[in-house]
Amino acid sequence: MGPGRTPTPTKPRQGAATRGTIGESTPRPDGILKATGEFAYSSDLWHEDMLWGCTLRSPYAHAEIRSIDVGEALAMPGVHTVMTYADLPAETHYGLEVRDQPVLAAGRVRYHGEAVAIVAADHPETARRAAARIKVEYAELPLVTDEATATAPGAPVLHPGRTDRHAAHAPHPNIVHRQPIKRGDVAAARARADVVVRRDYEVGMQDQAFLGPESGLAVPAEDGGVDLYIATQWLHVDRDQLAPVLGLPADKVRLTLSGVGGAFGAREDLSMQAHACLLALRTGRPVKIVYNRYESFFGHVHRHPAKLAYEHGATRDGRLLYVQCRIVLDGGAYASSSPAVVGNAASLSIGPYTVDNVDIEALALYSNNPPCGAMRGFGAVQACFAYEAQMDAVAAELGLDPVEFRQRNAMEQGAVMPTGQRVDSPAPVAELLRRVKARPMPRPGGSADVRELPGGLSNTSHGEGVVRGVGYAVGIKNVGFSEGFDDYSTARVRLEVLGGEPVALVHTAMAEVGQGGVTVHTQIARTELGVAQVVLHPADTQVGSAGSTSASRQTYMTGGAIKHTCEAVREEVFRRGRERFGADHPGWADAELLLAGGKVVTEAGEVIGDLAEILGGDAIDIEKEFRHRPTQPFHPETGQGFGHVQYSFCAHRAVVDVDTELGLVKVVELAAAQDVGKALNPLSVVGQIQGGTTQGLGLAVMEEIVVSDGARVRNPSFTDYLIPTILDTPSIPVEVLELADDHAPYGLRGVGEAPTLSSTPAVVAAIRAATGLRLGRVPVRPEHLTDT
Amino acid sequence: MEFLRPASWEEALAAKAEHPAAVPIAGGTDVMVEINFDRRRPDHLLDLTRIAELYEWQTGDQTVRLGASVPYTRIIERLAAELPGLAIAAHTVGSPQIRNRGSVGGNLGAASPAGDAHPALLAAGAEVEVASVRGSRRIPVEEFYTGVKRNALADDELIRAIHIRKAAGPQQFSKVGTRNAMVIAVCAFAIALHPDTRTVRTGIGSAAPTPVRARAAEDFLNAALAEGGFWDGGRTITPSIARRFAELCAAACDPIDDVRGSAAYRRHAVSIMARRTLGWTWEAFRAGGDTTGDTTEGGARCA
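Residues numbered from 1 in each chain as written. Chains lettered and ligands numbered in written order. Predicted model: local features only at pLDDT ≥ 70, side-chain atom pairs only at ≥ 80, totals over all residues. Heavy atoms only, no water.

Peer 1: Let's hear about the overall build of chain B: which residues, and what values?
Peer 2: A tally of helices and strands in chain B yields 12 helices and 13 strands. Relative to the compact-globule value of 19 Å for 303 residues, chain B shows a C-alpha radius of gyration of 19 Å, a close match. For chain B, the C-alpha atoms occupy an extent of roughly 60 × 45 × 35 Å along the three principal directions. In chain B, which comprises 303 residues, the proportion classed as buried is 57%. Of the contacts formed within chain B by residues at least 6 apart in sequence, a portion of 62% connects residues at least 24 apart. Entry remark: accessible area of chain B is about 11,700 Å², with carbon and sulfur atoms responsible for 49%. A gap of 4 Å separates the mean positions of the 35 positive and 35 negative side-chain charges of chain B. (Helix = DSSP H or I, 4+ residues; strand = E, 2+ residues; numbered from the N terminus. Rg over C-alpha atoms; globule rule 2.2 N^0.38 Å. Buried < 20%, exposed > 50% of the residue type's maximum accessible area, 1.4 Å probe, protein only. Contact = heavy atoms within 4.5 Å. Areas by Shrake-Rupley, 256 points an atom, 1.4 Å probe, with all protein chains shown as cover. Lys, Arg positive; Asp, Glu negative; His and termini not counted. Charge placed at Lys NZ, Arg CZ, Asp CG, Glu CD.)

Below, the structure is given as structure tokens:
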């Protein structure tokens, strides 16, 4: 492969005569249904004769299971089966990268909330009560809760006898993966530095807090297989983990995407999938499982909490000389996607800046805390909070404007990453900062309406103690799967003429989780085939894998696959046309023909063929795979390697009002500027940026899963895990740049994650500006602002 | 679980006498959460929604008799003049949907120290009218809260109404949460000036096992205002009086550290809210203005 592998950019004229093509703001087909409560989510699934599944979870974070007695539960009327580890028919473990997670606890539980047993009953309440009657005898074990307890002499090893590919280079068996990156000479650079800033940072455990809890319906099939209707982010990776656990060949485990109520990474790992399928196959009845909000907090992985130590050195004239950093991520009880999160945190750890000398170390721990894995921003969020705080601190030491200091060190196209990878597409970091800084400021505070003041409707201030602050941040996120992963997507496109109308059917396994594939994929097919009518087939495993709806990759990857397949369909139309009608018109000899409105058109605009005549009653039906350019693993010692497909950049300016006496914060405005390469659906692009920005605001000032008191989750509810309401969400003006990445379809750049990075440090920088406090931890709590 | 649906108050009392463990339910904003999470599984639920009088209120010379089930939304819309402190507090309860169903009777029945109505009732002065087949009685609200989520109701009693003193002067309510809306209280503070009796009363929420009045702070302030002739003189309260009042309010707290906030922060925040709300109400009193002292146009009472 290589650059030549990338499809050449499409002639702009294809699709020009069609409406609803790429670049047009297109409303979501499910938008009104969702807003009015009529959309069917996976929790709304129903089947005649179905049973309800329920999970019994561990009350302890680390314990040996001495015995399990299911007798009383099984004897309850209405209970059809109870299953424990002993009842598993085949493989007993699964996992995204490392198969270390038991389907049901195998003699030992490693985190508070781990699944121990499952029940199927004819009523959800019966299932819940039966689960409560399962008697489990636990013997508590010593806890691993942080780096010190994980690596102390004699520390309990959570996963003895590891054979995974990271085990060999992990410095301790309780370290999932460690990635160093070394370039240049940090010691020599330190000796030359005029200013050195060394600080510690901490990021709390954020939850994805999607609104549609984990849910799905497993239906046993006559062929001995199972059909699973499920809200997930990647149908095929679910299937590939399920089939061995169920003891079935992959083709007997069929998944269909159901209505997904948000994901943000939390649906990358399996939750209730295996449990529902096991119960369905065991009872021969359809089984539905729906978590409630409480269980949902235990049912999915969270964002890795992190401790970060950073040292930056710079010259008096504001040039960064070196960065040394160490990032410790808490991966919790099971690996999930910790290795990839480590790779991201390490490779993106210094931000979108050019620094010749780096000494970087990132690692993830195994602990008895809740498992952590994918969440929007994926390792880059934690790093961005720290490096942007450092940039402000260094600028302050130098007496430089923080934006000016960032711009002096901002990377550009051609810059070299700490990994040695050259950034070979636009990197408008300085320009994004310039744009957010140039925006007019929101009007000054002193509002008469409490809703516009810190505390809001709680009526805590009528202006007393309120100080305004302004802060800036910018971040860098990779797009697509990295480090040599064979990342591809598949699209099947069928073109036919029905009732005189050309119709394209687009079939992919893309999980629509709210990101907007349902509009963009239609737009791409319209563009490439010049047809008005495009039908999206429901996503299922009857077509090849689309890869995950994560890493900001679906528009690039499945969008790319649809484009790629549509091009093949178009060429097939032309081939058939030439075969049948080539002699009728000299235009058929043209190299570049177009499809528009069911006609074949020459570049000069002359209609030379009709799709209805070319196809007759036949359909063209093609399924093809699409790959982005290959990447390489990072070297285990030096971290060098062409590790990432693409980078995306977003900058924020936060304006906040802080009640400095009560420690309450009102974010007044959070302006964003992002380069998206090409906005396929501009409406959706702005929505993604505003959504990511808001999720970053949540991490800055309120969102944290509190784990304490024996590694227990203390706040598994929306009463105490707070996410921003509309009164916490400021005006978010968005500027979109479109600087094409020539390696990507249409030049596009993944959008969804980058805004989540810089939002958090921008808000905290603004709070620092208002209070003069150092604030090394997020979320910032009133206690931090009032020293209480 | 049996669902009892009395059609009248008398039937409700009879049902409660027959099933003393029955859990009364009106808006269900608290009880249903408990039931849905299986934290509570009573043998009987006593549905009060058919009893129309519980949704009514009467305004007398001195007091408002507020039916136990009057939703917060009604208090905000209809009783802001008579019960300004309670109206502001009502507006901080949950979301509009919750305010449409939740009621002061429910707050009292649950007796959570975080209930938003409690501080406003304490500051205004209120009595809880409770009844059973044995008869009815009125319990001063200070004596109603007996412990964390415990109240003075006998097993066979139901809350019928709350008699709240009509505002004779400015009242305020302020609540700290770590979100700008729809948030449970980290701590809360209410104050009511009673120019008719030349007293100031307070209420503190979420900063002790029960809602409490800061009595030492009230005594100090009442004495200071009397000695300094503040009620007659129309003078601004001196910073030292305000500071001492705030300190004494903080001292009235007996808070805990929990996931919502530290004990130290709760004390601190109560002192700040005490100082600020005293300033707002006193300045409103001096100006002879409206009863909230809320100079903020469309402030807490809109939206």
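Right, picking up where we left off after that structure.
Peer 1: Could you give an account of helix 6 (residues 235-246) of chain A, with specific residues and numbers?
Peer 2: In an α-helix, one turn spans 3.6 residues; hence positions three or four apart end up facing the same way. All names here are of chain A. Helix length check: helix 6 (12 residues) gives 16 Å between terminal C-alpha atoms against 16 Å at 1.5 Å per residue, within 8%. The buried count for helix 6 comes to 10 of 12 residues, which makes it a mostly enclosed element. For helix 6, the full list of buried residues reads Leu235, His236, Val237, Asp238, Arg239, Gln241, Leu242, Ala243, Val245 and Leu246. Of the surrounding secondary structure, the elements contacted by the buried residues of helix 6 are strand 4 (93-94), strand 12 (226-230), strand 13 (253-257) and helix 7 (273-283). Backbone geometry just after helix 6 places glycine 247 at a positive phi near 70°. (Expected span 1.5 Å × (residues − 1).)

Peer 1: Just give me the short version of the pairing of strand 12 of chain A, but keep the residues and values in it.
Peer 2: Residues and elements named next belong to chain A. Strand 12 sits mainly inside the fold: 4 of its 5 residues count as buried. The pairing of strand 11 (residues 215-220) with strand 12 spans 5 bridges and is classified as antiparallel. In the sheet register, alanine 218 faces strand 12, and the bridge partner there is leucine 228. Counted between consecutive antiparallel strands, the loop separating strand 11 from strand 12 contains 5 residues, among which glycine 224 sits at a positive phi close to 90°. Direction of pairing for strand 12 relative to strand 13: parallel, over a ladder of 5 bridges. For leucine 228, the partnering residue across the bridge sits in strand 13 and is leucine 255. Taking the sense of rotation as the criterion, the β-α-β connection linking strand 12, helix 6 and strand 13 turns out right-handed. (Pairing = 2+ DSSP bridges. Right-handed = clockwise from strand over helix to strand, strands pointing away.)

Peer 1: With reference to specific residues and values, describe the sheet that holds strand 13 (residues 199-205) of chain B.
Peer 2: Residues and elements named next belong to chain B. Read across the open sheet, the 3 strands follow the order 11-12-13; overall the sheet is antiparallel. The outermost strands of the open sheet, each flanked by one partner alone, are strand 11 (171-176) and strand 13. The mean angle between the axes of side-by-side strands here comes to 10°, regardless of whether they run parallel or antiparallel. Contacting strand 11, strand 12 (187-194) and strand 13, helix 12 (residues 263-287) runs over the sheet at an angle of about 25° to strand 12. (Axes fitted to C-alpha atoms, helices over the stretch in contact; angles between N-to-C directions.)

Peer 1: Account for the nonpolar core, naming residues and giving values.
Peer 2: Residue and element names in this part refer to chain A. Ranked by internal contacts, the top residues of the largest apolar core, which has 100 residues, are Tyr310, Met411, Val763 and Ile767. Broken down by element, the residue count for this core peaks at 13 residues, all from helix 10 (residues 380-398). Each residue touching valine 763, except ones within four places of it in the same chain, is listed here: Ala654, Val656, Val667, Leu670, Ala700 and Val701. (Core = buried A, V, L, I, M, F, W, Y, C linked by side-chain atoms within 4.5 Å.)

Peer 1: Provide a residue-level description of the UniProt feature "domain: FAD-binding PCMH-type" (unreviewed entry) in chain B, including the pertinent values.
Peer 2: According to UniProt, the "domain: FAD-binding PCMH-type" (unreviewed entry) feature falls on residues 1-169 of chain B. Taken end to end, residues 1-169 of chain B comprises 32% helix and 26% strand; its first and last C-alpha atoms sit 47 Å apart. (UniProt positions renumbered as here; feature names shortened; annotations may be inferred.)

Peer 1: Could you give an account of unusual backbone geometry, with specific residues and numbers?
Peer 2: Each neighbour pair has its own omega, and for valine 778 of chain A with proline 779 of chain A the value is -5°, a cis peptide bond. By secondary structure assignment, the location of proline 779 of chain A is in the loop between strand 33 (777-778) and helix 18 (782-786). Of note in this structure, asparagine 459 of chain A is not a glycine but carries a positive phi near 60°. Looking at the secondary structure, you find asparagine 459 of chain A in the loop between helix 12 (429-438) and strand 20 (466-479). The phi angle at lysine 149 of chain B is positive, at roughly 55°, despite the residue not being glycine. According to the relative accessible area criterion, lysine 149 of chain B is exposed, its value standing at 53%.

Peer 1: Go over a negative patch on the surface, please, and point to the residues and values.
Peer 2: All names here are of chain A. On the surface, Glu571, Asp590, Glu592 and Glu603 cluster together into a negatively charged patch. Of note, aspartate 590 is situated in the loop between helix 14 (554-581) and strand 24 (593-596). Classification of aspartate 590 as partly exposed rests on a relative accessible area of 31%. (Patch = residues over 30% accessible without salt bridge, like charges linked within 9 Å, V, L, I, M, F, W, Y side chains within 5 Å. Salt bridge = Lys/Arg side-chain N within 4 Å of Asp/Glu carboxyl O.)

Peer 1: Can you lay out the side chain of lysine 666 of chain A for me, pointing to particular residues and giving the numbers?
Peer 2: With respect to the element layout, lysine 666 of chain A can be found in strand 29 (residues 664-675). There is no salt bridge for the buried lysine 666 of chain A, and the closest opposite charge comes from aspartate 728 of chain A, which lies 6.4 Å off by N-O distance.

Peer 1: I'd like a description of the UniProt feature "domain: Aldehyde oxidase/xanthine dehydrogenase a/b hammerhead" (unreviewed entry) in chain A, backed by residues and values.
Peer 2: In the numbering used here, UniProt assigns the feature "domain: Aldehyde oxidase/xanthine dehydrogenase a/b hammerhead" (unreviewed entry) to residues 36-142 of chain A. Summarising residues 36-142 of chain A: 12% helix, 36% strand, and an end-to-end C-alpha distance of 50 Å.

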